[in-house]
Amino acid sequence: MELWFKELHDAASGITFKIKEYLYSGKSPFQKIDVFEVETYGRVLVLDGMVMLTERDEFIYHEMICHPALRVVHPDPEKILIIGGGDGGTVREVMKYSEVKKVTLVEIDKEVVEVSKRYLHNISGALLDPRLEIRFEDGVHFVKHSEDKFDIILLDTSDPVGPAVSLYRKEFYENCKNRLAQNGILVTQAESPWAQLTTLKNLLSEIKGLFHKTTLYLSHIPTYPGGIWAFLMMGENYDINKIQRPLPPGTKYYNDDVHIGMTALPQYLKEALDGNY
Ligand code: SAM
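From a predicted model like this one, the values you see are computed outputs, not experimental measurements.

Our focus in this paragraph is the pairing of strand β9 (residues 150-156). For β9, the tally of buried residues reaches seven of seven residues, placing the bulk of the element in the interior. As defined by bridge partners, strand β6 (residues 79-84) adjoins β9 across five bridges and the pair is classed as parallel. Residue I83 lies in a different strand from β9, and its bridge partner there is L155. Pairing geometry for β9 and strand β10 (residues 180-189), over five bridges, is parallel. Note on β10: the bridge partner recorded for F150 is L180.

Under the domain assignment used here, the protein chain contains domain 1 (4-54) and domain 2 (58-272). Distance from the C-alpha centre of domain 1 to the C-alpha centre of domain 2: 22 Å. On the side of domain 2, 22 residues touch domain 1, which itself brings 19 residues to the contact. Both sides together, the interface formed by domain 1 and domain 2 hides about 2000 Å², and carbon and sulfur atoms give 68% of it. At the boundary of domain 1 and domain 2, one finds zero salt bridges. Put simply, domain 1 and domain 2 have seven residue pairs in polar contact (both at pLDDT 80 or more) between them. Element by element, the count of residues in the side of domain 1 that touches domain 2 is highest for strand β5 (residues 50-54), at five residues. Tallied by class, residues from the side of domain 1 that touches domain 2 come to 14 nonpolar, four polar and one charged.

This part is about the nonpolar core. Of all hydrophobic cores here, the largest spans 39 residues; its most connected members are M64, L70, I80, V94, L154 and M233. Put simply, the parts of the chain that give this core at least two residues each are α1 (58-73), β6, α2 (89-94), β7 (102-106), β9, β10 and β12 (228-235). With ten residues, the top contributor of residues to this core is α1. If we skip the residues at most four places from it in the chain, M233 touches P68, A69, V73, I185, L186, V187, K213, T214, T215, Y217, Y238 and I240. Counting 33 residues, the second-largest nonpolar core is a separate cluster that includes A164, I207, L216 and M234.

Every one of the 25 residues lining the ligand counts as a neighbour, but Q31, D87, E107, G139 and Y224 are closest to it. Here an oxygen atom of the ligand sits 2.4 Å away from a polar atom, N or O, in the side chain of Y224. Within the complex, the protein chains bury 99% of what would otherwise be the 590 Å² of accessible surface of the ligand. Every element with two or more residues in the shell around the ligand is listed here: β5 and α1. In the shell around the ligand, the residues fall into eleven nonpolar, eight polar and six charged. Residue assignment places the shell around the ligand across two domains, with domain 1 (4-54) and domain 2 (58-272) each supplying three or more.

The next point concerns the sheet that holds β6. In spatial order, the strands read β8-β7-β6-β9-β10-β12-β11; together these seven strands make up an open sheet with mixed pairing. Strands at the two margins of the open sheet, each flanked by one partner only, are β8 (132-135) and β11 (213-220). Across this sheet, the average inter-strand angle for adjacent strands is 15°, counted without regard to direction.

This part covers the pattern of salt bridges. In the structure shown here, the tally under the stated rule is 15 salt bridges. A salt bridge links E2 to K18, with the nearest nitrogen and oxygen atoms 3.5 Å apart. Taken together, the residues span a long stretch of sequence, with E2 in the segment before β1 (4-10) and K18 in strand β2 (residues 13-27) at a distance of 16 residues. Here E171 makes a salt bridge to K144, at a shortest N to O gap of 3.2 Å. Of this pair, E171 sits in helix α6 (residues 170-178) while K144 sits in helix α5 (residues 139-145), and the two are 27 residues apart along the sequence. Here the salt bridges share partners, and the residues they tie into one network are E58, R92, E93 and K96.

Moving on, we come to the side chain of Q189. Considering the arrangement of structural elements, one finds Q189 in strand β10. By relative accessible area, Q189 is classed as buried at 1%. Separated by 3.0 Å, the side chain of Q189 and the backbone nitrogen of E191 make a polar contact. Not counting chain neighbours up to four residues away, the residues in contact with Q189 comprise Y61, I65, L155, T157, S158, Y168, L203, W229, A230 and F231.

The rules behind the values
- Residues numbered from 1 in each chain as written.
- Predicted model: local features only at pLDDT ≥ 70, side-chain atom pairs only at ≥ 80, totals over all residues.
- Heavy atoms only, no water.
- Buried < 20%, exposed > 50% of the residue type's maximum accessible area, 1.4 Å probe, protein only.
- Helix = DSSP H or I, 4+ residues; strand = E, 2+ residues; numbered from the N terminus.
- Pairing = 2+ DSSP bridges.
- Domains from an automatic or database assignment.
- Contact = heavy atoms within 4.5 Å.
- Buried area = accessible area lost by both parts, 1.4 Å probe.
- Salt bridge = Lys/Arg side-chain N within 4 Å of Asp/Glu carboxyl O.
- Polar contact = N/O pair within 3.5 Å; in protein donor to acceptor, adjacent residues only side chain to side chain.
- Nonpolar A, V, L, I, M, F, W, Y, C, P; charged D, E, K, R; others polar.
- Core = buried A, V, L, I, M, F, W, Y, C linked by side-chain atoms within 4.5 Å.
- Near = heavy atom within 4 Å.
- Areas by Shrake-Rupley, 256 points an atom, 1.4 Å probe, with all protein chains shown as cover.
- Axes fitted to C-alpha atoms, helices over the stretch in contact; angles between N-to-C directions.

Following this line, the structure appears as structure tokens:
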């Protein structure tokens, strides 16, 4: 008997995987967590029924949320804050920079870290890096009450449901801004411009006027809704085209050409965002 996983991206379309082996299914105090092996994408992490990552294409998202800010834009990225990211993929990419002295990961759900360590070895390995501090708490609370300042803040969060809802509000971005050191850069994943355009537009209106500079950039991600994903870079003082340091070896998606092309917006998106960006 064949077992298939299905995630609907709208009322009548989505993605489906033929499951080879179910590895984990559990419920944390925050969300349902599933991990299974599928025929063509390796192991898949699913939270509340939504694909977070697959072993085959996770490198695209984790490279794109991290390298544009760390490699190009910030002059001296020593202290990094990651909100969410309990699977460790973003931590792995950040740790490729010797300039980085300390990474603070604020992940609300300890279960996600434990499950990723147990079943997603190619992704969670950096969670053992001595430069990493993991705090199991709500990112909204952390940025509101911490006194710390960070050179780069990466919002590697899940979709705006469950524990992540409050991560898409103006007050949260204002508090993130307060946690940025001088020349600090904030990057957030910004959902699918194809399948979740309303969410992207809401996010843009939440942050409108908050930062001197905002840069929207895109990448393709095969297993995400619409196969295309948006990221938002924000800060007071950066030049998106000013390369500060060599690209660390080992990236499989991000490179100089991708960096130049990633801010080019397709016409449908330009028209849809008219006035919002
Ligand atoms: N890195 C994955 C990817 O490739 O897209 C997906 C993101 S990661 C799994 C999303 C994480 O955000 C989850 O582990 C979830 O528990 C965490 N999260 C959700 N709401 C949060 C909050 N309010 N504070 C901190 N972490 C939160």
